[in-house]
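Here's the letter readout for the chains.
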Amino acid sequence: MQLSTNKKSKFIERGLWAGITVLLLAVPWMITERYYAYVIALSGIWTILVLSLNILVGYTGQVSLCHGSFFGIGAYTSTLLVLKAGWSYWLALPVAALLAGAIGCLIGIPALRSKGSYFAICTLGFGMIVTIILDNWISLTGGSNGISSIPPPDPIVLPSLGEITFQSQESQYYLILVTIYFLLFFTRRVMDSRTGRAFLAVRRDEALAESIGVDPMRYKLLAFTMGAFFAGVAGSFYSWLVGVITPAVSSLYVSFEALIFLVVGGVGTLVGPILGTFLLTVAPEYLQVIPEYRMVIYGVLLFLTIVFMPHGVMGGIRSLAARWRKKFGGG
Amino acid sequence: MKLALLRVEGLTKHFHGLAAVQEVDFFIHSGEIVGLIGPNGAGKTTVFNLIAGFFKPTRGKIVFRDEEITGLFSHEVARKGIVRTFQDTRIFGEETLWQNLRTGCHGWLNSGWVQALLQTSSFVREERASQKKAADILEFMGLLPMKEERAKNIPQYARRKLAIALALAAEPLILLLDEPFSGLNPQEAEEIMSLILKIWERRITVLLIEHNMKVVKNLCKRIIVLNFGRKIAEGSFQEISREPHVIEAYLGGEGVF
């Protein structure tokens, strides 16, 4: 009985994933208006950022307020390497992500020694420093004017198969989609391993984790570095999708928005970050929300989520599903 | 002479100038069950915290298998084979019993996230080993039927067993149990007692903090008595229960024994 229920729910889960995948692959055919296609692609980039933040906040329990810095570092590094050093984008992207990860690791070493809100304040300070540097290192970053006309990624040449170009909106969308799927795959594999169990152990009870041989500092630092790395990827994608970057891409707003999307979607769940981001980026566009009201709506939504769905939208769906299962038995 | 598995020399811990543990010496041989007793505030849990690396001693030395481990981090001490439980029965409440036990296997495995991502053969082998270990210990502790339950949803008594199971998953050579019997009814205490004996039969040395004298009398061949941070007696139950210091420490203590 137990086993068959398990199998059944696994089957349903697989089916759901397949359905969603088909739907996501078909998006460019369903949404043909350029502006909305752009909004969807942008929301995909936010999703990458929020998924990367989830590794740290969701699984290791460390609330960071400088995730936007790694987004900004990724955006600026890849852009400068392409525009000023003339690198291929496909070399600039990993270097930008690695630099974001490396800086994350260096900042994490002192910052992760503090706990809870003190850690949040440390990261807040670091986040402000990054924005100030980008704003004032004018010879490199162009200051508050930022950098414009950032080209899309170079074509990937496949021997005897032709090449994949990234000029069109559809190809950019698919690149972002593949990256999201990779990040989900990455998170799932890591969380279903000794490393992932150590992340959760650190989040739940540090002293208990230590008593069974988990080094909390090591795993917090690993999560922080991984998060920074993928935030760097998101930032780099952002730079060519929008075409313009200013120091604002590294600002506290970015960090806070990512955190809000995560909390609304469901901290520490695989799909929650995607739902939260979609709900808070795409929906307002479709509902024609006046941009000035956006922060007000975020505030209200955040409040409602924390009060009524402490585990986010994903947690809400789960408890509904559990109630439904109880009511109708079995299934 | 038989070599001590764990040796503590001149162990001292001050908190803000106040001595919680003073000049405590003792040793534990491999294969013993030793009791650590004393009135409330005697410094028993502090001694545990010092041995397990949760506190750094102010003075003194801790030697485990001929290697000084004083000042090591607690996770390093755990990986060397000293695993402790907590007085407040700590477990990973949000996780299932199965996940708890899998997490407990952390210390004796090595694979990292890269191996997990690539699903290398060493990763798969280690995952299997930890699954086997988790199933084995849940079975041993009689918790296997509950393995898919979330740890916070099981009864208090089962949680107590889970906390011990979690420590066992870390493959200790010496298990430090902090009041495993408190708040249990006689029947439950009886079962935990036989479990501790079974753990001991698995060649795991046990150091046990306990208030329940009946338990201590039945389980421990050797008992160390602390009072106000100092060791005031050591020996078999008969020996320590004759010590005037000990009787005095337990205030009108004859009733206690």
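Predicted model only: the values in this text are computed from it and were never measured. (Residues numbered from 1 in each chain as written. Chains lettered and ligands numbered in written order. Predicted model: local features only at pLDDT ≥ 70, side-chain atom pairs only at ≥ 80, totals over all residues.)

**Q** Would you mind going over the domain arrangement of chain B with me for this structure?
**A** How big an interface is tends to be stated in terms of accessible area lost as the parts join. Residue and element names in this part refer to chain B. What the domain assignment reports for chain B is domain 1 (1-81 + 172-257) and domain 2 (94-171). Using C-alpha coordinates to define each centre, domain 1 is positioned 27 Å away from domain 2. Contacts between the two partners involve nine residues from domain 1, matched on the other side by nine residues from domain 2. Within the residue set of the side of domain 1 that touches domain 2, elements represented by two or more residues are helix 2 (74-80) and helix 7 (186-201). (Domains from an automatic or database assignment. Contact = placed C-beta atoms within 7 Å. Helix = DSSP H or I, 4+ residues; strand = E, 2+ residues; numbered from the N terminus.)

**Q** In this structure, what is going on with the sheet that holds strand 2 (residues 18-29) of chain B? I would like to understand it.
**A** Sheet strands pair via backbone hydrogen bonds, and the direction of the pair is either parallel or antiparallel. Pairing is antiparallel across the open sheet formed by four strands, whose spatial order is 2-1-4-5 (chain B). Pairing within the sheet leaves two strands with one partner each, and these edge strands are strand 2 and strand 5 (67-68) of chain B. (Pairing = 2+ DSSP bridges.)

**Q** Looking at this structure, how should I read the packing of helix 2 (residues 34-60) of chain A against helix 10 (residues 216-242) of chain A?
**A** Two quantities define a packed helix pair, namely the angle between the axes and the distance from one axis to the other. Residues and elements named next belong to chain A. At a closest axis distance of 8 Å, the pairing of helix 2 and helix 10 adopts a crossing angle of 175°. One element, helix 2, and the other, helix 10, form an angle in the roughly antiparallel class. Residues of the contact of helix 2 with helix 10, tallied by class, amount to 21 nonpolar, three polar and one charged. (Axes fitted to C-alpha atoms, helices over the stretch in contact; angles between N-to-C directions. Parallel < 35°, antiparallel > 145°, perpendicular 65-115°, else oblique. Nonpolar A, V, L, I, M, F, W, Y, C, P; charged D, E, K, R; others polar.)

**Q** Can you help me understand helix 12 (residues 272-286) of chain A in this one?
**A** At 3.6 residues per turn, the α-helix brings residues three or four places apart onto the same side. The terminal C-alpha atoms of helix 12 of chain A, which comprises 15 residues, lie 21 Å apart, in line with the 21 Å expected from a rise of 1.5 Å per residue. Along helix 12 of chain A, the sharpest kink reaches roughly 30°, centred on L279(A). (Expected span 1.5 Å × (residues − 1). Bend = angle between axes of the 7 residues up to and from the residue.)

**Q** Sorry, what's going on with the packing of helix 11 (residues 252-265) of chain A against helix 14 (residues 312-328) of chain A here?
**A** Residue and element names in this part refer to chain A. Where helix 11 contacts helix 14, the two axes come as close as 3 Å, and the packing angle between them is 5°. As far as their axial angle goes, helix 14 and helix 11 are roughly parallel. Touching V263, V264 and G265 of helix 11 are G312, V313 and M314, all from helix 14. For the contact of helix 11 with helix 14, a count of residues per class yields four nonpolar, two polar and no charged.

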